[in-house]
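Single-letter residue listing:
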Amino acid sequence: TCYWIDVSIVFDRWATRTSWNVRRINDVGDNIVVKTYDGTWDDRFMLRKESMCLEEGQYQFSIYVSWGGGLGGDGHYNVTSYGQLIVEGAEFRGSETTIFSLPFSPAPSTMPSISYKPSSSANPSVRPSSSSTPTRTTAPTYRSLVPTFSPTDSPEKVEEAG
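To keep things clear, this report deals only with the structure shown in the data block.

Definitions and limits used
Residues numbered from 1 in each chain as written. Predicted model: local features only at pLDDT ≥ 70, side-chain atom pairs only at ≥ 80, totals over all residues. Heavy atoms only, no water. Disulfide = S-S within 2.5 Å. Helix = DSSP H or I, 4+ residues; strand = E, 2+ residues; numbered from the N terminus. Buried < 20%, exposed > 50% of the residue type's maximum accessible area, 1.4 Å probe, protein only. Pairing = 2+ DSSP bridges. Axes fitted to C-alpha atoms, helices over the stretch in contact; angles between N-to-C directions.

1. Focus: the state of the cysteines
Step number 1: Tallied over the full model, the rule gives 1 disulfide.
Step number 2: Here Cys-2 connects covalently by a disulfide to Cys-53, the sulfurs 1.6 Å from one another. Measuring handedness by torsion sign, the sulfur bridge of Cys-2 and Cys-53 sits at about 85 degrees and is right-handed. With Cys-2 in strand β1 (residues 2–10) and Cys-53 in strand β4 (residues 47–55), this residue pair connects regions lying 51 residues apart in the sequence.
Step number 3: When its relative accessible area of 25% is taken as the criterion, Cys-53 is described as partly exposed.

2. A few points about the sheet that holds strand β6 (residues 76–81)
Sheet strands pair via backbone hydrogen bonds, and the direction of the pair is either parallel or antiparallel.
Step number 1: As summarised here, the arrangement of the 4 strands in space is β4-β1-β6-β7, forming an open sheet in which the pairing is antiparallel. Both edges of this open sheet fall to β4 and β7 (84–89), since each of them pairs with a single strand only. Here the average twist between neighbouring strands, direction ignored, is 15 degrees.
Step number 2: Two elements, β6 and β7, share 5 bridges in a ladder whose sense is antiparallel. By the bridge assignment, Tyr-77 is partnered in β7 with Gly-89.

Structure representation (structure tokens):
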């Protein structure tokens, strides 16, 4: 069994200064290079996507720039596994390294989930759905106690007594 990862990089104008690699981490410590790539002149301002199928285990993704602060301008990179983000970045000094395991299991989110499925309950739950597909719950409706005016409403003229 192997697990797919995708390395996607949008290079800046200095693509020849950028390189990356994926290494398999083993117990012996002589981490084996699985894939390496050095940016070329033709990669400038282009998206390059490399897909690879890797065995279960621990891996290390490293990206390097020989000069400057990472991928400038609109340059950026990300590594995903089956659409799940492993790492992303753009600005860094010299190099950036991330260690991950396959099969990849993202860390639980601390952000509240958004639900798109209407609730059949009169009192929708505040708890996030455990479903992997987005669902939406309806929010309670509140009546405003503040009068509202439409743009066609005109203020009344008040005449001063005197």
